[in-house]
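Given next are the chains, with one letter for each unit.
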Amino acid sequence: MNQRRDPFETAEPAPTVPAVPNLYDSLRVAAPRKRNRQWEKGQQSRKVVYRGIDPKLALKVKAIADDLLVPSGEVACVVLDYALRSYERGDFDLHPRPNPERMRMTLFPQSGASHPINRSQRTVKQKQPEALWKVITTWRGFSPELKQELAALASDDGLHVPIGELITALLRFGLKAYETGLLVLEPKPKSTTFTLAHKGK
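A brief structural summary. (Residues numbered from 1 in each chain as written. Predicted model: local features only at pLDDT ≥ 70, side-chain atom pairs only at ≥ 80, totals over all residues. Heavy atoms only, no water.)

With that settled, the discussion passes to the pairing of strand β1 (residues 47–51). Two faces belong to every sheet, and in a regular strand the side chains alternate between them. On β1, burial follows the alternation: V48 and Y50 on one face are buried, whereas K47, V49 and R51 on the facing-out side are not. Sheet analysis places β1 next to strand β4 (residues 136–140), joined by five bridges and oriented antiparallel. Across the sheet, residue R51 finds its bridge partner in β4, namely I136. (Buried < 20%, exposed > 50% of the residue type's maximum accessible area, 1.4 Å probe, protein only. Helix = DSSP H or I, 4+ residues; strand = E, 2+ residues; numbered from the N terminus. Pairing = 2+ DSSP bridges.)

Dropping the structure here:
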């Protein structure tokens, strides 16, 4: 006959299972390494962010930079500097005109400035181009002097125009000079590292 176990009998104590370590405790032990951001902080003053530059011109700058294997910020600096020097010599004229839609002047007045009195009578729905002020362009490698010169020329004491319009006009002039061969861009090799020469047997 089978012997039944007494339900009131004390069983052997179950073996203790080691506690599973908490995942978050192990993460707190190994603190993440802090990255050295000194280089980025030092280069922050050479970064520019402009709103309202014609994106087609910015893409041309990037294409030239890719062809020459140089940063696009360097190409933009050289092209803008060339246009600024031409403006100072009188070879390039910037004529700001009043803009009825804004308080600032404009370098690009719209040719069809006459608006119909009743806009709802338009038969063909025209697609409005995207506003250039929404376009943001970022470049690196600008000297503080060039940034200051551009800001001063666009300011109220200068031409009193949006800086994006000023840079668009300067880029247009400089890129045309590059295409016609008046502005020559020659990339030069830049040595940034050293190597060891092994001498001996």
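On to the layout of surface pockets. By volume, the second largest pocket amounts to about 280 Å³. In this structure, the second largest pocket is lined by 14 residues; those nearest its centre are V70, E74, E186, P187 and K188. A total of four residues in the lining of the second largest pocket trace back to one element, the largest contributor, which is helix α4 (residues 72–89). (1 Å grid on protein atoms, 1.4 Å probe; cavity = no way out; pocket = protein on both sides within 12 Å on 5 of 7 lines; lining within 4 Å. Points joined across faces, edges and corners; volume = space filled by probe spheres on them.)

Bringing the side chain of E165 into the picture now. Along the polypeptide, E165 turns up in helix α6 (residues 163–180). Setting aside anything within four residues of it in sequence, one finds E165 in contact with G52, R102, M105, T106, L107 and F108. (Contact = heavy atoms within 4.5 Å.)

A separate point is the pattern of salt bridges. Counting across every chain of the model gives seven salt bridges. For the salt bridge of D81 with R85, the shortest nitrogen-to-oxygen distance reads 2.7 Å. Here D81 pairs with R85, and both are found in helix α4, just four residues apart, close to one helical turn. For D81, a relative accessible area of 31% puts it in the partly exposed group. R85 serves as the salt-bridge partner of E149, at 2.9 Å between the closest nitrogen and oxygen. Linking E149 in helix α5 (residues 144–154) with R85 in helix α4, this pair joins segments that are 64 residues apart in sequence. By relative accessible area, which is 25% here, R85 ends up partly exposed. (Salt bridge = Lys/Arg side-chain N within 4 Å of Asp/Glu carboxyl O.)

Our focus in this paragraph is unusual backbone geometry. For L69, which is not glycine, the phi dihedral falls at a positive 60°. You can see L69 is positioned in the loop between α3 (55–68) and α4. In this structure L69 comes out as exposed when scored by relative accessible area, which is 77%. Positive phi, normally seen in glycine, also occurs at H160, with a value near 60°.

Along its 18 residues, α6 runs 26 Å from first to last C-alpha, staying within 8% of the 26 Å computed at 1.5 Å per residue. Turning to α6, its buried residues number three or more, namely G164, E165, L166, I167, T168, A169, L170, L171, G174, L175 and A177. Of the surrounding secondary structure, the elements contacted by the buried residues of α6 are β1, α3, α4, β3 (105–106), β4 and α5. (Expected span 1.5 Å × (residues − 1).)

Turning our eyes to something else, we now look at the nonpolar core. Residues L94, W139, F142, L150, L166, L170 and L171 are the most contacted members of the largest nonpolar core, which totals 36 residues. Within the residue set of this core, elements represented by two or more residues are β1, α3, α4, α5 and α6. (Core = buried A, V, L, I, M, F, W, Y, C linked by side-chain atoms within 4.5 Å.)

Bringing the packing of aromatic side chains into the picture now. Per the counting criterion, the structure on display carries four aromatic pairs. Between Y82 and F173 the ring centres are 6.2 Å apart and the planes differ by 20°, which places this aromatic pair in the stacked class. In this pair, Y82 is assigned in helix α4 and F173 in helix α6, connecting sequence segments 91 residues apart. Looking at F173, the relative accessible area reads 23%, which means it is partly exposed. Three or more aromatic residues joined by ring pairs form one cluster here, namely Y50, W139 and F142. (Phe/Tyr/Trp six-rings, centres within 6.5 Å; stacked < 30°, edge-to-face > 60°.)

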